[in-house]
Amino acid sequence: MAHYDHRGGVGPHVRRQVETLASAVDKLLVVSTADLTDRSRAWLGERAELVERPNYGYDFTSYQVGLHRAGLFGGDLSSYDEVVICNDTYVPVTPYDAIFDRMAAEPVDFWGLTVTDRVAPHVQSFFVAFRPWVVGSQTYRRFWSGLDPLSTRRQVILRHEVGLSLGLHGAGFRSGAYFRETDADKRLARRRVRWWAAHRPGVSRSREGLEKLRERSREPWNPAAALADRALDNGRLPFVKLDTLRYDPYGLGADKLLTYCEERLPDAFAGVRDFLDETAAYYPPRPHEKLRSTPPALVPLRRQVEYRRAP
Amino acid sequence: MPPESRTRAPHVPADPQAILASGLLDRDWVGAQLGMVFNTDREALERLLEQDAKCSPHPLFEQSWAGRSLAAYLGEGTARSKVSPHPLVDVRRILDEHPQAARHTYGPLSWWVSQAGDDSLVPVPEGVRQVRWGHLRAAALEAAERRHSSAGVRRAHRSSRRAPTPTPDPPALPVGDEPLVSIVLTVHDDGPRLREVVDAVQAQTYSGWELVVVDNGSDDDTTAVLTGVAAFEPRVVPLTVPRGSTARARNAALGKARGTYVAFADTAHAWRPDFLRVMVGHLHASGASMAHAAMRVPDAAGGEWFRVVGGRREHLLAHDHFDLACLVVRRDLVTQLGGFDETLGGAEGLDLVLRLSEDARLRPVRRVLVDRTDPEEEDPRWTAAIVERHLVDWEAAGRRPRERGRVSVVLHASPDLARTVRWVTRTMAPLGEADDIELVVVGSHLPRHVELPLAMLMATYPRARLMATLPRLGAALSTNIGIAQTTGEVVVLARTSVNPPRDAFRALVAALDDPAVAIAQPLVTDRPGLVVSAGAVFGPGRTLPEACMAGLPVSDAAALAARRVPAPLSPVVAVRGADLVRAHGFDVWMGDTLPEIELGIRLAVNDGAATIVVPEAAMVIKPRQLARLDTASADVRALQERWPSPPPGSDEAWAGAGFEVVGRRWEAPAGAARGPLDAPALAPRTLVRPRRAAVRQGPPALRWALDIAAPSGPRGQRWGDAYFARSLAEALTRLGQRVSVDNRDLRQRDSRDLDDVVLVLRGLDRVVPRPGRVNLEWVISHPDLVDAAELASFDRVYAASTTWAARAGAAAGVAVTPLLQCTDPRLFNPSRGEPDTGAPVLFVGNSRDVYRRSVRSALAVGARVEVHGADWDRFLSPDLIASTVVANEELGALYCSAGVVLNDHHDDMRRDGFLANRLFDVAACGARLVSDEIDGLSEVFGDVVQTFHDETEMRPLLADPDAAFPSYQTRLALAEKVIREHSFDHRAEVLLEDAVRLLAR
């Protein structure tokens, strides 16, 4: 598990994640790039094998360090039923035991909590589990041994997150996801993508602009944003990404979502609002993700797309 | 021959009455082709018209040969007398022998058929053996019936654009604890497609299967993918074997299989979900042993084909490819046969099913259950090797006795009927009764309009047989099938892709009298006269054949002292039959271009026997008809695999031809490399130079090119220039020189750089001197075409006129040496005949479209002139023209025996004092000679030659020759002088002396 905290602490949701994970797996290894306080170090060290490393290279470099430490090369990592990489950027809302139990019978070689077709079909890398034959495969080892640290989030997504799935798919491995999108989910997600497209900057009122708008409306979605409120549907989506709450990337009312989550999932979200507030200064707005205000003509449609309390 | 036979015949609506009335509808023949019996002609006609061009109406009419349908032929009127209706019919011959045939309503063929009985001789073209109509028709009917009997097999081979009508569903299958069908899948480094195949198997609507997946030593993550597949699918049995042949991997899988039936999935085919249910269901219900599903094959153009395969062994032998993924077979049958043949590197499925079909019938299931997803076909070499295994019985061929003195000729027939007919007739035409020749023609996959006429032609010869094989076979395999049938002591192997040689086999066969010789090949040349191949030679390094002496003039090859070469390179080779069968013929692995070369190497390495080139057996081929021999050729690579290092003897072969090897060049075909990134195929070319004797008495042996303006080919051979050049070449050769007579087509040959002297016999063409050589020009005719610049460009110029030499030399400021025309004393001397025993007055020469004055004057004074020469019919009555062509060898006898021989000159030649060579020839014979007045005549011939200006001067010469001419004794004295001073040998000496001096400069 990759961990980072600007203040050197361990957030409330992270504590809960570490505790539930530790109880669900045989061995938990936390790779932290935070400048940990003694308390945090002691807390983590009690519950997991803790590896501290300098802060560069995003979570993939932490995964790489962790896998090395766990014995990917020269060790017995493929003797485990499953090897999981995950980070601390989400609030889990479903017990890991339940997740692992269900996915054990899925005829796939590696899986995540969600998959998306954005850029290319891939398993989203905040949580990926690999079966032992994948861990032992040449493609997997080659990926991790050849991984260079990258310095921008976009590059990490393109080359590491998408690249990992692409490489494994190319070798013949199949992937799957815990979250299964229903047809209703897909229709809703498509509506929300269209809503998002109408709010994204950079579209002029011209023929080209209209074409660009159409193109954007047809783009695949990121289920962590487009279907974030499925977490409220008995944890069908087993997490809520902090980025969704922090940035509201599709403009669907993240503040309301947080409120609903606190109402419906009080244990999982205890302290999350405070954590977001306290760390807001370290997460400045992302200029290219900033949305335009809703055009008056679209205002009546808001109710059809915004996050809901229950499906 | 029908030049238009391949063009589509224009559609002419059939007139049934005309066809019936013409007699050109033979209902037995139509019936034999269609496998039917007709009671009336009309019935036969109706079926015939339905068949369009797929059926011939009469044994002697073939639509594709005639280039028109019978209806069109009958409606054509006079054209019927010009069109050949069949390769065995010469309409002109019918008309020559029976002029009344021209008046028949439906043409000469119809006339002939109407009156022919069984004993009538068929009007075959020249070169085809006489045959009686009854015999030929019976042979035709037999051939048609034989072909029809294999129609089912032929149909089995076809793909269709239409999907087959599906067979009904079989009854439902039981699903027990044990799998009913085992699926064998081998995979190597192909994880993603392994997944797809497993998906297709998992999607099957019948679930009683197991899938044995063999990872054939993959280097990538295929093993891991397979582990993943097996982890979630208990019916998958994973197996990993070290990398080996697909056959071995499949056998490993068969060893694990438990099902009653076995099917073979692969990554090049996709099964539809009903594949197992329908296929196993049919087998289970019918009790059949094996079944083949219909398959859909998409083509590159976006269309699709459907293949339904089934039948007995002969049906399967018609296939050159087998899709194993379509097969479901009882497992015990496969196990009993020992599974797949592990020595094979490809086409093992075809081999298995051919072996299975010896006991079991393949049941076709007419439902499309398989899609071919990968267009890649199997390696045709493996296919050929397997088909050979099943079609050629070398053991039986080895036991067959061989007839002493018999020559077997094996032809691989091409679908070009005209060419194959030419080969057959030319091979069999020169036969005397004593010649024991056996002809085996092998044609693979021949269409009807080729097979039946060819079978009829073969029936006219006693020991000729056509083997029409059904699968599409290459030249090497077809030839092997033919070899196994031969009984001759010597076997000649020939490809009909080139034109047939004129009686080249006799010399080839004779060359095999030497027991050290294993293979004899002809000297292969092109039409202008350059060597295309005098065997194959090899440079150092990898085995890469090259045509020996390619590009050198034929005269170099004729001078071959030792004719041994490392291997043959020729479309025709002769080999002893026993050797050939022992060696199992051609190696089909070599593809179709190099089997002769490989055979030569094999016999040389295994038996130590030699290949020789027989210059007397020359064969003329067109450019590009010889195999492609470059670094990119797949067949060359196959040869290199089999024989990594080249056989010895290449340098010796060059040495035997009088050359030494000085290097090797690699040449790309012209235009193949345009940019720096092009990688053209390179062909080797050995660089040679003539070998020189270190010590030699007399003049040095030089290489000469005699350049003449005559074109190549038989017509050019008859030009006066050509005769003159040949005689001069012979004279130079007697002086130890090597001479090539280059017609105008050879003027630019590269190999001229190897020559020492280029001697231009100036005719109609101006020739640019070759840099670096001694360039001589001898003006023997057309002096008016020669200007000062041309004279100055040569090292030395001669002229066959003393006066012109002085005048032109002075005008141009260049020394021009007089060198008169001359004669060949071996052909022209007094002993060639008795005087006054032949024609009283003789003229030999073409008219040149001029009523030549010597002939005109002689006839004007009432002399009876015997004229030999072309183009005289405009001027003379036919009885005066004795012949149009006289061989040079016969001229001497004509001159010697004549009373008076006439001569005159072209106006230009007379003006410039160019004495005709006829003067020298006639004088050398001691004959009386009348000529027009020309400068220099008396200086050479004194008063023996009488001159005339007109009829009045001609009259006394012809009226009383004895009085007008010197005595025979005087004439003999002149003949001696001419032979001494004006022979080709004398001229050759002069030229050689000058050339040596110029070379030494």
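Residues numbered from 1 in each chain as written. Chains lettered and ligands numbered in written order. Predicted model: local features only at pLDDT ≥ 70, side-chain atom pairs only at ≥ 80, totals over all residues. Heavy atoms only, no water.

J.: How do you make sense of the overall build of chain A when you look at a structure like this?
T.: Tallying secondary structure elements over chain A gives 15 helices and eleven strands in all. For chain A, whose C-alpha radius of gyration is 20 Å, the value lies close to the compact-globule estimate of 19 Å for 311 residues. The buried share of chain A, reckoned over its 311 residues, is 51%. Across chain A, the fraction of contacts at a sequence separation of at least 24, relative to all contacts at a separation of at least 6, is 73%. As displayed, chain A has an accessible area near 14,500 Å², and 51% of this comes from carbon and sulfur atoms. Mean positive and mean negative side-chain charge positions of chain A (46 and 40 charges, respectively) differ by 8 Å. (Helix = DSSP H or I, 4+ residues; strand = E, 2+ residues; numbered from the N terminus. Rg over C-alpha atoms; globule rule 2.2 N^0.38 Å. Buried < 20%, exposed > 50% of the residue type's maximum accessible area, 1.4 Å probe, protein only. Contact = heavy atoms within 4.5 Å. Areas by Shrake-Rupley, 256 points an atom, 1.4 Å probe, with all protein chains shown as cover. Lys, Arg positive; Asp, Glu negative; His and termini not counted. Charge placed at Lys NZ, Arg CZ, Asp CG, Glu CD.)

J.: What is the right way to look at the overall build of chain B in this model?
T.: Looking only at helices and strands, chain B has 40 helices and 35 strands in total. Across its three principal axes, chain B shows a C-alpha extent of roughly 125 × 75 × 55 Å. When the 1001 residues of chain B are sorted by exposure, 56% land in the buried category. A total accessible area of about 41,800 Å² is found for chain B, and carbon and sulfur atoms account for 50% of it. Here chain B carries 116 positive and 130 negative side-chain charges, and the mean point of each set is 2 Å from the other.

J.: Just to check I follow, could you spell out unusual backbone geometry for this structure?
T.: The backbone of D248 of chain A shows a phi angle near 45°, a positive value even though the residue is not glycine. Relative to the helices and strands, D248 of chain A resides in the loop between α11 (242-247) and α12 (254-264). Despite not being glycine, H584 of chain B has its phi angle at roughly 60°, a positive value. Along the chain, the position of H584 of chain B falls in the loop between α24 (577-582) and α25 (595-607). Overall, the relative accessible area of 35% leaves H584 of chain B in the partly exposed class.

J.: Sorry, what's going on with the confidence of the model for chain B here?
T.: The predicted coordinates ought not to be read in detail in places where the model reports low pLDDT. Chain-level statistics for chain B give a pLDDT mean of 89 and a share of 97% at 70 or above. A low-confidence stretch, residues 1-9 of chain B (pLDDT under 50), is modelled with 14 contacts involving residues beyond four sequence positions or located in other chains. (pLDDT = per-residue confidence, 0-100.)

J.: What is the right way to read the packing of helix α3 (residues 58-70) of chain A against helix α6 (residues 138-145) of chain A from this model?
T.: Each pair of packed helices can be described by the angle between their axes along with the distance between the axes. The N-to-C vectors of α3 of chain A and α6 of chain A enclose an angle of 115°; their axes lie 10 Å apart at closest approach. Across the interface between the two elements, F60, Y63, Q64 and L67 of chain A from α3 of chain A touch Y140, F143, W144 and S145 of chain A from α6 of chain A. (Axes fitted to C-alpha atoms, helices over the stretch in contact; angles between N-to-C directions.)

J.: Please explain the sheet that holds strand β27 (residues 774-779) of chain B as it appears in this structure.
T.: Consider a sheet: its strands pair through backbone hydrogen bonds, and that pairing is either parallel or antiparallel. Residue and element names in this part refer to chain B. The sheet built from six strands is open, its strands ordered β25-β24-β26-β27-β28-β29 with parallel pairing. Taken across any chain shown, the strands that pair with only one partner, and hence form the sheet edges, are β25 (738-742) and β29 (816-818). Taken over all neighbouring pairs, the strand axes of this sheet differ in orientation by 25° on average, direction set aside. Sheet topology places strand β24 (residues 703-707) next to β25; five bridges connect them, and they run parallel. Across the sheet, the residue bridging to R703 is R738, located in β25. Seen against the sheet, helix α31 (residues 802-812) touches β27, β28 (796-799) and β29 and runs at an angle of roughly 170° to β29. (Pairing = 2+ DSSP bridges.)

J.: Honestly, the pattern of salt bridges in this entry has me stumped. Any pointers?
T.: Close approach of charged atoms lets side chains of opposite charge pair. For the coordinates displayed, the defined rule picks out 100 salt bridges over all chains. E82 of chain A is the salt-bridge partner of R131 of chain A, the closest N and O atoms lying 2.4 Å from each other. You can see R131 of chain A sitting in the loop between β9 (127-130) and α5 (132-135) and its partner E82 of chain A sitting in the loop between α3 and β4 (83-86), a full 49 residues away along the chain. Residue R131 of chain A is classed as buried on the basis of its relative accessible area, which comes to 4%. One continuous salt-bridge network, built from bridges that share partners, spans D556, R703, D707, R738, D742, R744, R747, R749, R752, D755 and D765 of chain B. (Salt bridge = Lys/Arg side-chain N within 4 Å of Asp/Glu carboxyl O.)

J.: Would you explain the pairing of strand β2 (residues 29-32) of chain A in this entry?
T.: When a strand is regular, its side chains alternate between the sheet's two faces. Residue and element names in this part refer to chain A. Side chains L29 and V31 of β2 all project onto a buried face; the interleaved residues V30 and S32 project onto the opposite face, where all are buried too. By the bridge criterion, two bridges tie strand β1 (residues 2-3) to β2 in an arrangement that is parallel. Its bridge partner lying in β2, H3 is registered against S32. For the segment spanning β1, helix α1 (residues 12-24) and β2, crossover handedness is right-handed. Where β2 lies against strand β3 (residues 49-52), four bridges are found, and the strand directions are parallel. By the bridge assignment, S32 is partnered in β3 with E52. Regarding topology, helix α2 (residues 38-47) serves as the crossover connection from β2 to the parallel β3, and that connection is right-handed. (Right-handed = clockwise from strand over helix to strand, strands pointing away.)

J.: How should the side chain of H3 of chain A be read in this particular structure?
T.: Residue and element names in this part refer to chain A. Its location among the elements puts H3 in strand β1. Among the residues examined, H3 registers a relative accessible area of 3% and is labelled buried. At 3.3 Å, the side chain of H3 and the backbone oxygen of G9 are in polar contact. If near-sequence neighbours (up to four positions away) are discounted, H3 is found in contact with G9, V10, V14, V30, V31, S32, T33, A34, L36, L44 and D88. (Polar contact = N/O pair within 3.5 Å; in protein donor to acceptor, adjacent residues only side chain to side chain.)

J.: Explain the nonpolar core to me, please; I cannot follow it from the model alone.
T.: Note that soluble globular proteins tend to have their nonpolar side chains buried in a common cluster. Among the nonpolar cores identified, the biggest contains 166 residues, and V424 and I597 of chain B are the most heavily contacted of them. At seven residues, helix α20 (residues 448-459) of chain B tops the list of elements feeding residues into this core. Ignoring any residue separated from it by four or fewer positions in sequence, one finds V424 of chain B in contact with L411, L439, V441, L454, L457, M458 and Y461 of chain B. Counting residues in each nonpolar core, the second largest holds 69 residues, with F173 of chain A together with W209, A293 and V328 of chain B among its members. (Core = buried A, V, L, I, M, F, W, Y, C linked by side-chain atoms within 4.5 Å.)

J.: Would you mind showing me how to read the sheet that holds strand β31 (residues 865-868) of chain B here?
T.: Residue and element names in this part refer to chain B. Sheet architecture is open: six strands sit in the order β32-β31-β30-β33-β34-β35, paired in parallel fashion. Edge positions in the open sheet fall to β32 (881-883) and β35 (945-948), since each of these has one partner strand only. Averaged over neighbouring strand pairs, the angle between their axes works out to 30° when direction is ignored. Summarising the sheet, strand β33 (residues 900-903) and strand β34 (residues 928-932) pair through four bridges and their orientation is parallel. By the bridge assignment, V900 is partnered in β34 with R928. Running at roughly 130° to β33, helix α32 (residues 853-860) makes contact with β30 (841-844), β31, β33, β34 and β35 of the sheet. Sheet strands in contact with helix α37 (residues 951-959) are β30, β33, β34 and β35, and its direction is about 145° off that of β35.

J.: Which parts of the structure should I look at to understand the packing of helix α10 (residues 191-202) of chain B against helix α11 (residues 222-232) of chain B?
T.: Residues and elements named next belong to chain B. Here α10 crosses α11 at 25°, and the two axes come no closer than 9 Å. With respect to their mutual orientation, α10 and α11 come out roughly parallel. Here α10 runs over α11; the crossing is right-handed. Judged by residue contacts, G191, L194, R195 and V198 of α10 engage T222, V225, L226 and V229 from α11. Its residues assigned to classes, the contact of α10 with α11 comprises five nonpolar, two polar and one charged. (Parallel < 35°, antiparallel > 145°, perpendicular 65-115°, else oblique. Left-handed = near helix turned anticlockwise from the far one by under 90°. Nonpolar A, V, L, I, M, F, W, Y, C, P; charged D, E, K, R; others polar.)

J.: Teacher, can you tell me more about the environment of L164 of chain A here?
T.: Residue and element names in this part refer to chain A. Structurally, the position occupied by L164 is in helix α7 (residues 153-171). Considering only alpha carbons, one finds L164 and Y4, 160 residues apart in sequence, at a separation of 22 Å. Ignoring sequence-local partners within four residues, the contact set of L164 consists of F60, I85, F130, F143, W144 and R159.

J.: So what exactly am I meant to see when it comes to the interface of chain B and chain A here?
T.: Frequently, the measure chosen for interface size is the accessible area removed from exposure when the parts meet. On the side of chain A, 17 residues touch chain B, which itself brings 14 residues to the contact. Among the residues chain B hides against chain A, the three largest losses belong to R195, D221 and F232 of chain B. Together they make up 54% of the total. Residue R195 of chain B pairs with D109 of chain A through a salt bridge whose shortest N-O separation is 2.3 Å. Linking chain B with chain A are seven residue pairs in polar contact (both at pLDDT 80 or more), by the criterion used here. For the side of chain B that touches chain A, the secondary-structure elements that each account for two or more residues are α10 and α11 of chain B. The dominant element in the side of chain B that touches chain A, judged by the number of residues it contributes, is α11 of chain B, at six residues. Residues belonging to the side of chain B that touches chain A are distributed by class as follows: five nonpolar, three polar and six charged. (Buried area = accessible area lost by both parts, 1.4 Å probe.)

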